[in-house]
Amino acid sequence: MDYYNLLTTCAFIHLLVSIPYAYSNYVENKAGQFFSSGHTNNWAVLVCTSRFWFNYRHVANTLSVYRSVKRLGIPDSHIVLMLADDMACNYRNPKPATVFSHKNMELNVYGDDVEVDYRGYEVTVENFLRVLTGRLPPSTPRSKRLLSDDRSNILIYLTGHGGNGFLKFQDSEEISNMELADAFEQMWQKRRYNELLFIIDTCQGASMYERFYSPNLMALASSQVGEDSLSHQPDLAIGVHLMDKYTFYLLEFLEEVHPASQANMNDLFKVCPQSQCVSTPGHRTDLFQRNPGSVLITDFFGSVLLHDMKQLVADVSSQKPKQKDWHPPDGFILGLWTLILLVFFQTYGIKHLKHIF
Amino acid sequence: RGLLTRLNTPICIVCYLAAIVWFMGLAFEPFTLRTDMSENAMGSTMVLLRGASAVPRQGVRSSQKTGAVSTWLVKAMQSRGLEVFTQSFSRKLPFPDENKERYMVRGTNVYGILRAPRAPRTEALVISAPCSPGDSNNQAVGLLLALAQYFRNQVYWAKDIIFLVNEHDLMGTQAWLEAYHHTNITGMEYSPLQGRGGSIQAALSLELSSDVITSLDLILDGLNGQLPNLDLANLFYAFCQKLGVLCTIQGKLQRNDWDTAEGYTHAAQTMMLMVLKQACGRSWGDHGLFLRYHIEAASVRGINSFRHYKTDAATIGRLLEGMVRKLNNLLERLHQSYFFYLLPSLSRFVSIGCYMPAFGLLVVILLLRALDLWVHLGAPALAAVEGVTEAQQPSGPAVLTVLTPVVISHLTGVALYLLPVHLQEMAVEHFPVSETEAVVLTAVAIYTTGLALPHNTQRLLSGEGTEQGWKVLKLTALLYLAVLLGCTALINFSLGFVLAVTLVPITASMTPHMPKALSALVMVLLSPAFTILYCVFIYQELIEAPVSVSEGWMLFLSVISQGILDHALYGSLVYPLLALFIYPCWLMFWNILFWS
């Protein structure tokens, strides 16, 4: 009779002690699921490689992606924006200080607070590769650096004129797909990214990601090898084509995404099918470790604002051990309580037990 | 060697026929290429044309005196916000121009510069309208002012736009261009320009004689047969199609039925007109003088003919606005499309690669003949070595035999070039003719005097002419003619081809052993002067205004006077070429004919 009492009380005490532990594990799992990509900060490198007034649409492409990533939370300090020409203040722009993406001037992507880091002739292959690999002279200002670490997710967007295996920079030089792949490998070796999303909108864009060989790379392109990416709409008042088809539909897709959105990469792959784009967009995920369906759009286009969620959850869940240095061992407490109960029931007799239960 | 001699004549005949057939076949539509805009920077015609809505109904008051017109223009341009400047020029023609009735020319150009609001002043576009008192180009000036007013309100100009109203059409343009580029090649006196834009990228010249027009004619032929870049014609045609304006070239509307006989003849006629216009080396519109400075320019002429559908000035204003806006987008001078071409119609063209073989076949005839002669000249030397040498052929007299006709022919050519203008006072004293007639008739007289020369040059020589002598002369003359025609065709294909068509058959076949009277007649009938006469008649036929023989003769004389004037005033090279090179060459062959 006494032992029966002892057993139940022991079980009760055990339960009391283990509930906080179970709860902290649950929270940790949930948090772990939410931040499964393992990144703690987001960067974006957005490059427009063509100049001249008739390449207005490439600048508009880049500015519309810039607008989206800013809207979803990445600050200017984490965006490296490279525009090869100034369309907003071009002499031929009938609406100075604007760059429109939709005809009839529906949307001005130049906005009020565009911060261009590399402008005009500074957009060269060498500068682009130096930004990616971090090999910049010490005098380079912070706004022109990609200060990413091994927990950064980076979005890289390139647009301009390209061909099979190369992208043309400013009518004077080219970057080849092998150079780009090697640059990403350098970034991996220097632990400059956690995961990298590469989007390219040029003719034969898929050739640019063919040669990638570093891990954690996902790539999207607007057209396959042998296909041209087409421009979308002209605006008659401005007199040029405003956007390319792929980025236009990408912008429309991103306008629907908000910071808490659960849209994932599979939705992004469906943007601009051939019926809308005429060219066939392509993507590459074999180097990426996670399943694209579990990768959120905001993993790359949005921004992670908290520092290190996993550690914080662990801290929150185990507050008491932090506050107190030492507590008596569990077995001792169990034994103590058993002893107290034994003495109690021995003193007052077991018949009082039925009054308690 | 024997093969060459035997087959020479048949090959020559085949080549000649092939050249003619090839040339005529150029107008056949499947052999031509469709015109397309090659310059990427210009883009397509997608541009919103709000149009020059403020087109004034009345034009420049033409009854005013010269000074009043330019003052009015200065005020009008200033009120539209342009920087206005004037330039005065004067020139005394070598002899009176009877077509335009002028001798001492004095004029004023008025031009206004619309500065690009945000761009540096490094490049410019020119829109010009020739306007002289008593002229009927008032509407063009009115359109120019309306365009200036509209353009002033736009912010998208990357180049300065110069609105030029020049007096005495070509002369005013010449004075303005010379002053702009700091050159003086024609001896004109002008005041220096006070205001300047940057380097001129393109120019358009407008000629509108009435306020409603039915079609727009595009004129491309410039001085010395130079043509603007084909992209300018493509641009014009693209906008004509977009706005639904009827556009013609050489005054002829395009037809769609290329597979019928009428369609083909139509295209061939258009092409022949272009060839004839290019061959005479005149500038057929004010734009022609811009081409020398590597400025792509074209003239647009409004034509009012009997059609139901009329276009108003506002549509023309929109067309010009579109063209100027697209030219504004240019980053470099037009260079992507062809500079040498023939246009059977506005939408199809023949490039230099297609039409040069026609000329090449003609030159091949000359070279084959020369080769044949060379071989023959080598052969008697062998025969002389074997057998008994009858007459030693010392090289001394042989060279002298050749040199004398050459020198005398060229001296005659120099006389033909210099004397008509210099001797006009003397001729006017002695004969009851006007100065122009004196000049032209002197030229004709010297030309015919040259025909009498062969009988005299032979007597100059000590001995009689030898068989080898005329062969050497003919060889030299053939090579000389081949080089001459080749160089001419490179610069002005039409001139080279037209000359070759008439000169090659007679020169290739000319020997002293042919019947003298008949071959003399044929030679005269195919001489350069008669070529010009035939061209005049053919031209009149093609523009559907055929002339009688006497009218044709008067026209021929005026063509000669115009040629001399063009050379003196604008630097056209056709008259010197004919007088100093082609005519002596022909005289050398005339010499061969009368070799004894």
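Residues numbered from 1 in each chain as written. Chains lettered and ligands numbered in written order. Predicted model: local features only at pLDDT ≥ 70, side-chain atom pairs only at ≥ 80, totals over all residues. Heavy atoms only, no water.

Side note on the pairing of strand S4 (residues 123–130) of chain B
All names here are of chain B. The condition that has to hold: Relative accessibility thresholds used throughout: buried, under 20% of the residue-type maximum; exposed, over 50%; partly exposed, between the two (1.4 Å probe, protein chains only). Each helix is a run of DSSP H or I of at least 4 residues and each strand a run of E of at least 2, with the numbering of both proceeding from the N terminus. Here, any two strands with at least 2 DSSP bridges between them count as paired.
Burial runs high along S4: eight of the eight residues are buried. Neither face of S4 is left uncovered, since the one carrying Glu 123, Leu 125, Ile 127 and Ala 129 and the one carrying Ala 124, Val 126, Ser 128 and Pro 130 both have all their residues buried. Looking at chain direction, S4 and strand S7 (residues 199–208) are connected through six bridges and run parallel. Within S7, the residue paired with Leu 125 across the bridge is Ala 202. The pairing of S4 with strand S5 (residues 160–166) spans seven bridges and is classified as parallel. For Ala 124, the partnering residue across the bridge sits in S5 and is Asp 160.

With respect to the UniProt feature "transmembrane region" (unreviewed entry) in chain B
Here is the rule we go by: UniProt positions are given in the numbering used here, feature names are shortened, and annotations may be inferred rather than shown by experiment.
Look at the UniProt record and you will see "transmembrane region" (unreviewed entry) annotated at residues 6–28, 349–371, 398–419, 477–506, 518–540 and 577–595 of chain B. What you have in residues 577–595 of chain B is 89% helix and 0% strand, and the ends, taken at the C-alpha atoms, are 26 Å apart.

Topic: the sheet that holds strand S8 (residues 215–219) of chain B
All names here are of chain B. How we decide: Residue contacts are defined here by distance: any two heavy atoms, one from each residue, within 4.5 Å place the two residues in contact. Angles shown run from 0 to 180 degrees and are taken between the N-to-C directions of axes, each axis being a line fitted to C-alpha atoms and, for helices, limited to the stretch in contact.
The ten strands lie next to each other as S6-S2-S3-S5-S4-S7-S11-S8-S9-S10, forming an open sheet whose pairing is mixed. Each edge of the open sheet is held by one strand with a lone partner, namely strand S6 (189–190) and strand S10 (252–253). Bridge count for strand S3 (residues 102–114) against S5 is five bridges, and the pairing is antiparallel. Looking at S5, one finds that Leu 114 is bridged to Ile 161. Sitting on the sheet, helix H4 (residues 169–180) touches strand S2 (83–97), S3, S4, S5, S6 and S7, and the angle it makes with S2 is about 120°. Across the sheet, helix H7 (residues 313–328) touches S4, S5, S7 and S8, and the angle it forms with S7 is around 170°.

Observations concerning the interface of chain B and chain A
We count it as follows: In what follows, salt bridge is the name for a side-chain nitrogen of Lys or Arg lying within 4 Å of a carboxyl oxygen of Asp or Glu. The term polar contact refers here to a pair of N or O atoms within 3.5 Å; inside protein, the definition further demands a hydrogen-donor-capable atom paired with an acceptor-capable atom, and it admits residues adjacent in sequence only when both atoms are side-chain atoms. Here the term charged refers only to Asp, Glu, Lys and Arg, the term nonpolar to Ala, Val, Leu, Ile, Met, Phe, Trp, Tyr, Cys and Pro, and the term polar to all other amino acids, Gly among them.
Counting from both sides, the interface comprises 20 residues of chain B and, opposite them, 17 residues of chain A. Taken together, chain B and chain A are joined by zero salt bridges. Across the contact surface, chain B and chain A share seven residue pairs in polar contact (both at pLDDT 80 or more). Classifying every residue of the side of chain B that touches chain A by side-chain character gives twelve nonpolar, three polar and five charged.

Describing unusual backbone geometry
Phi at Ala97(A) is positive, roughly 70°, even though this residue is not glycine. In this structure Ala97(A) comes out as partly exposed when scored by relative accessible area, which is 43%. Its identity as a non-glycine residue notwithstanding, His168(B) has a phi of 55°, on the positive side.

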